[in-house]
Amino acid sequence: MVKYPAISSILAFLLLNLSIINQPHAAGFALIENSASGMGTAFAGGSAIADDASTVYFNPAGIVRLSGEQAIAAAHFVAPQAKFKNQGSTAVIGNAPLSGGNDDGGQNALLGNFYYTLPIDDKLTFGFGVNTPFGLEITYDKNWVGRYHAVESNLLTANFNPSVAYQFNDKFSVGFGLSGQYIDVTLSSAIDFGSLVGVPQQLDGFAKLTGDDFSFGFNTGALFQLNKSTRFGIAYRSEIKHTLKGDANFTVPDAASPVTAGGAFVDTGITAKVSLPQTISVSGFHEINNDIAVMADITWTGWNSFQELRIQYDNPVQPDSVTTEDWNNVYRIAIGAQYQLNNQWLLRTGIAYDESPVPSAERRTPRLPGSDRKWLSFGASYALRENIKIDMGYTHIFASDARINNTLESDALPVLEATLTGVYEASVDILSVQLEYQF
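Draft legend 1. Summary view of the pairing of strand S17 (residues 373–385). Taken together, the 10 bridges between strand S16 (residues 345–354) and S17 define a ladder with antiparallel strand orientation. Bridge pairing links Tyr-353 to Lys-374 in S17. Both S17 and strand S18 (residues 388–399) contribute to a ladder of 12 bridges, which runs antiparallel. Bridged to Tyr-382 within S18 is Ile-390. Connecting the antiparallel pair S17 and S18 is a turn made up of 2 residues.

Shown next, in the form of structure tokens:
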């Protein structure tokens, strides 16, 4: 007979996770920070390890390997730096230098995950996860040199992922899950009304756009146990297409009021379509002996779904806001190892190379100033009791310098097409903690 946990215990874990997720903080756009145990190996072997309930997200086929009911709550503190150095940014009129200083838009973030697994019988297992697969928060000073390109960029997702897995035999299992994903976006920037009305002095206004949506996708996976020491996993997560609806709010200085006489730059509703990418991961896990294991992973992400960011306004006088992205599909490669020190301590380490989807300096924007990244990770698990374990992980990410030479796109108002030119020097530190409880 299956023993069900107390409802209050599950709710406690879930509420803890949601209290973290509801804080709109994230560093980056695609977030792999969905397990503290995986953090210690730079997420090498993610779809093959299947040693705790976080496999609900990384490969649902792996939940059949878990014995008994299990719940996990994890928190990740992300501390990014993204220092911008201006190298000749210019306005359109007179090719004049843009005013304003350099800035670091990186914001510290707190992310959370929750996972739960429940064996139904000796073949079928149920799983459930709540996490943040995509996120972004970059906020600059309102007077920085790139203010016409971006001030605030805030993207939050919360993914609700029930799943089931079936074990055909001791060699092969499959899993399938549904994803209900909420997205909430806030974008803001300054507007150069001085150029619009033809005055020589700085005359900035402000635009703030907000929107949200709830859409669905799916994930699936398979786990192959080659022998007692070796297994392989493959996992797929579908693209999720969002149609966000929300509002645009404009702040126009009094001296620029003639611009609004024709009906432009007034508060209105907006619509934007965003396709979040599909992924395929292939992983391997091998036990060299009873104490040492190695693992590896390669993940493909279909970022070619993100070709442009287009904001359509309900106000027919207001032209679309368009940013051409032209992002590329990319790979992430990771290798890692773990060592069973004793009955209580398990030590981990890993490295990874993570490609940037941004194709060029001309397509890089201060909202998403990503570049290729290298991961160096360490972690450990400590068994407090037979049924309680704490996982810890730390990662430092070394990011390549990211050059930017991006021109605002405005066919209807070409005087606003300022060019931001410079370089970003970035790095990220991540600290993760996870509590695992077996009922």
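Draft legend 2. Structural context of the packing of aromatic side chains. Following the criterion strictly, the structure yields 26 aromatic pairs and no others. Judged by centre distance (4.9 Å) and plane angle (75°), the rings of Trp-303 and Trp-327 are edge-to-face. Placement of Trp-303 in the loop between strand S12 (292–301) and strand S13 (308–313) and of Trp-327 in the loop between strand S14 (321–324) and strand S15 (330–340) is noted, with a sequence separation of 24 residues between them. Since its relative accessible area comes to 5%, Trp-327 is described here as buried. Among the aromatic residues, those joined into a cluster by ring pairs are Phe-29, Phe-134, Trp-303, Phe-306 and Trp-327.

Draft legend 3. Geometry of the pattern of salt bridges. Counted under the stated rule, the structure contains 9 salt bridges. Two residues, Lys-85 and Glu-425, come together in a salt bridge whose shortest N-O distance is 3.4 Å. Of this pair, Lys-85 sits in strand S1 (residues 70–86) while Glu-425 sits in strand S20 (residues 419–438), and the two are 340 residues apart along the sequence. For Glu-425, a relative accessible area of 33% gives the class partly exposed. Each of Glu-308, Arg-310 and Asp-320 takes part in a single network of salt bridges with overlapping partners.

Criteria and thresholds
Residues numbered from 1 in each chain as written. Predicted model: local features only at pLDDT ≥ 70, side-chain atom pairs only at ≥ 80, totals over all residues. Heavy atoms only, no water. Pairing = 2+ DSSP bridges. Helix = DSSP H or I, 4+ residues; strand = E, 2+ residues; numbered from the N terminus. Phe/Tyr/Trp six-rings, centres within 6.5 Å; stacked < 30°, edge-to-face > 60°. Buried < 20%, exposed > 50% of the residue type's maximum accessible area, 1.4 Å probe, protein only. Salt bridge = Lys/Arg side-chain N within 4 Å of Asp/Glu carboxyl O.

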